[in-house]
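The lines below spell out each chain.
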Amino acid sequence: LFRSETEIASVEYADEIPAWANTYVQYLNEGGYGLLVGDENGNFNPRKELTRYEIAVIATKLMGVDVSKFVNVELNFSDDIAGWASNYVKAAVSLGLISGSNNNGVITYDGQNPTQRQQFARIMAEVIRILENTGKDPVELYNENKEAIDTAYEEKGFVDESSVQSWAKPYVRLDRKSGSAGMPR
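Since the structure is predicted, the reported quantities are computational estimates derived from the model, not experimental observations. (Residues numbered from 1 in each chain as written. Predicted model: local features only at pLDDT ≥ 70, side-chain atom pairs only at ≥ 80, totals over all residues. Heavy atoms only, no water.)

**So, helix α3 (residues 86-94)**
Three or more residues of α3 are buried, namely Ser86, Val89, Lys90, Ala91 and Ala92. Turning to α3, the residues buried within the fold contact α2 (52-63). (Buried < 20%, exposed > 50% of the residue type's maximum accessible area, 1.4 Å probe, protein only. Helix = DSSP H or I, 4+ residues; strand = E, 2+ residues; numbered from the N terminus. Contact = heavy atoms within 4.5 Å.)

**Points about the pattern of salt bridges**
Taken as a whole, this structure holds five salt bridges when the rule is applied. A salt bridge links glutamate 54 to lysine 48; its shortest N-O distance comes to 3.1 Å. For glutamate 54, a relative accessible area of 25% translates into the label partly exposed. In this structure, aspartate 150 and arginine 173 form a salt bridge, with 2.9 Å as the shortest nitrogen-oxygen distance. Taken together, the positions of aspartate 150 in helix α6 (residues 146-156) and arginine 173 in helix α7 (residues 169-178) put the pair 23 residues apart, joining distant regions of the chain. (Salt bridge = Lys/Arg side-chain N within 4 Å of Asp/Glu carboxyl O.)

**Quick word on the packing of α2 against helix α4 (residues 117-131)**
Where α2 contacts α4, the two axes come as close as 11 Å, and the packing angle between them is 20°. When the axis of α2 is compared with that of α4, the two are roughly parallel. Seen from above, α2 lies across α4 with right-handed handedness. Packed against α2, whose contacting residues are Arg52, Ile55, Ala59, Leu62 and Met63, the element α4 presents Gln119, Phe120, Ile123, Met124, Val127, Ile130 and Leu131 at the interface. Grouping the amino acids of the contact of α2 with α4 by side-chain chemistry returns ten nonpolar, one polar and one charged. (Axes fitted to C-alpha atoms, helices over the stretch in contact; angles between N-to-C directions. Parallel < 35°, antiparallel > 145°, perpendicular 65-115°, else oblique. Left-handed = near helix turned anticlockwise from the far one by under 90°. Nonpolar A, V, L, I, M, F, W, Y, C, P; charged D, E, K, R; others polar.)

**Observations concerning the packing of aromatic side chains**
In this structure the tally under the stated criterion is five aromatic pairs. A ring pair is formed by phenylalanine 77 and tyrosine 109, whose centres lie 5.4 Å apart and whose planes are at 45°; its orientation type is tilted. Linking phenylalanine 77 in the loop between α2 and α3 with tyrosine 109 in the loop between β2 (106-108) and α4, this pair joins segments that are 32 residues apart in sequence. In this pair, the class of phenylalanine 77 matches that of tyrosine 109, namely buried. Clustering of aromatic rings is evident, with ring pairs tying together Tyr53, Phe77, Trp84 and Tyr109. Arginine 52 extends its terminal NZ or CZ atom over the ring of tyrosine 109, reaching a point 4.6 Å from the ring centre. (Phe/Tyr/Trp six-rings, centres within 6.5 Å; stacked < 30°, edge-to-face > 60°. Lys NZ or Arg CZ within 6 Å of the ring centre and 35° of its normal.)

**Let's talk about the side chain of aspartate 150**
Relative accessible area serves as the criterion here: at 14%, aspartate 150 is assigned to the buried category. A polar side-chain atom of aspartate 150 sits 2.7 Å from a polar atom in the side chain of tyrosine 142. (Polar contact = N/O pair within 3.5 Å; in protein donor to acceptor, adjacent residues only side chain to side chain.)

**A word on the confidence of the model for the protein**
With 88% of its residues at a pLDDT of 70 or more, the protein has an overall mean of 82. This model gives residues 2-9 a pLDDT under 50, and the stretch forms 16 contacts once residues within four places in sequence are excluded. Note that pLDDT drops below 50 for residues 181-185; the model gives that stretch 15 contacts with residues more than four away or on any other chain. (pLDDT = per-residue confidence, 0-100.)

Laid out in structure tokens, this is it:
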């Protein structure tokens, strides 16, 4: 399921990465993760939102998943998955990192759509669950520790808390408490 070795990627981008982000971007590439390889033109696109395809790629690469092991997985989405992202999406869905959207009974992946912060929070909580081998569903973990997590969250919360959908609140609160949300307050 997981790769035993990680390839070290050295990436030069055609566009400029903001100075504050450069160290982090280089770490995610040259640190052996190869997470942010850029687009087909060699651009990093620092102001572009990550699509649902891209977040599936990033999450599975971060975990070191060998996506070739998921080539025969069948997805139940009514829309087509882009070929370049197919095995990453199959792996991410199989591992429970990401799911589709129910649009009036039709399940779609919507890979070109941007990843919302609350979706990202769910994915990161699931990645952490798997990597730390806690064996607990993030929502279960939240519910068991709700008072402590909510207290810590209130100290660091987001000013737009009211826009977080109810299904995402446990993930956002867990991620923010642990510092993995990576989003400014």
